[in-house]
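Secondary and tertiary structure notes
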Amino acid sequence: MLPSVPLLQQIGLAILLTVTVGWAVSQARLVRRHRFGSPAGNGTRPLLRAVPRQTGPAGPPSERVELSAAEREAFAGLVRQLDGNERH
């Protein structure tokens, strides 16, 4: 023990050093895991390479809404307006 340092400061220093060593070890393990390419987790779930299909036999059915003639014309006008080629 250091004779000129109070006991509470020595305890605080020991706790701080323990936390610092634990943090450094965990960071080293994370870097090593990332560097060598081992997947995160325990490997029980396969990693997705793409978003699965949302429709088809395994997914919900597609929805379709019929538009009236006025709704189709309004939509076409909106598209022309957003496109910048407004033609009357």
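What this report covers is the structure whose coordinates are included nearby. Note that the coordinates shown come from a computational prediction; the quantities given were computed from them, not determined experimentally.

Moving on to a positive patch on the surface. On the surface, Arg29, Arg32, Arg33 and Arg35 cluster together into a patch of positive charge. Structurally, the position occupied by Arg35 is in helix α1 (residues 7-35).

Under the criterion given, the structure shown has one salt bridge. Across the salt bridge formed by Arg80 and Glu73, the nearest N and O atoms sit 3.2 Å from each other.

Helix length check: helix α2 (residues 69-83), at 15 residues, gives a terminal C-alpha distance of 21 Å against a target of 21 Å (1.5 Å per residue), a fit within 8%. Directly after α2, the chain includes Gly84, whose backbone phi takes a positive value near 90 degrees.

A grouping of Leu7, Leu8, Ile11, Ile15 and Val19 is seen on the molecular surface, where their side chains present a nonpolar patch of about 520 Å² in accessible area. Take Val19: it is sitting in helix α1.

Rules and cut-offs
- Each chain has its residues counted from 1, running along the sequence as written.
- Per-residue local features of the predicted model are confined to residues with pLDDT of at least 70, and side-chain atom pairs are confined, for both listing and counting, to 80 or more; whole-chain, interface and lining totals are unaffected and use all residues.
- In computing side-chain values, all of the structure's heavy atoms are included and hydrogens and water are not.
- Each patch is built from residues lacking any salt bridge and having more than 30% relative accessible area; the joining distance is 9 Å for like charges and 5 Å for nonpolar side chains (Val, Leu, Ile, Met, Phe, Trp, Tyr).
- Only the protein chains shown count as covering a residue, and every accessible area follows the Shrake-Rupley method with a 1.4 Å probe.
- The term salt bridge refers to a pairing of a side-chain nitrogen on Lys or Arg with a carboxyl oxygen on Asp or Glu at a separation within 4 Å.
- Here Asp and Glu are counted as negative and Lys and Arg as positive; His is not counted, and neither are the chain ends.
- Taken as the charge centre is NZ of Lys, CZ of Arg, CG of Asp or CD of Glu, depending on the residue.
- A run of H or I in DSSP becomes a helix once it reaches four residues, and a run of E becomes a strand once it reaches two; helices and strands are each numbered from the N terminus.
- Working rule for helices: expected span equals 1.5 Å times residues minus one.

All quantities given are derived from atomic positions and should not be read as evidence of function.
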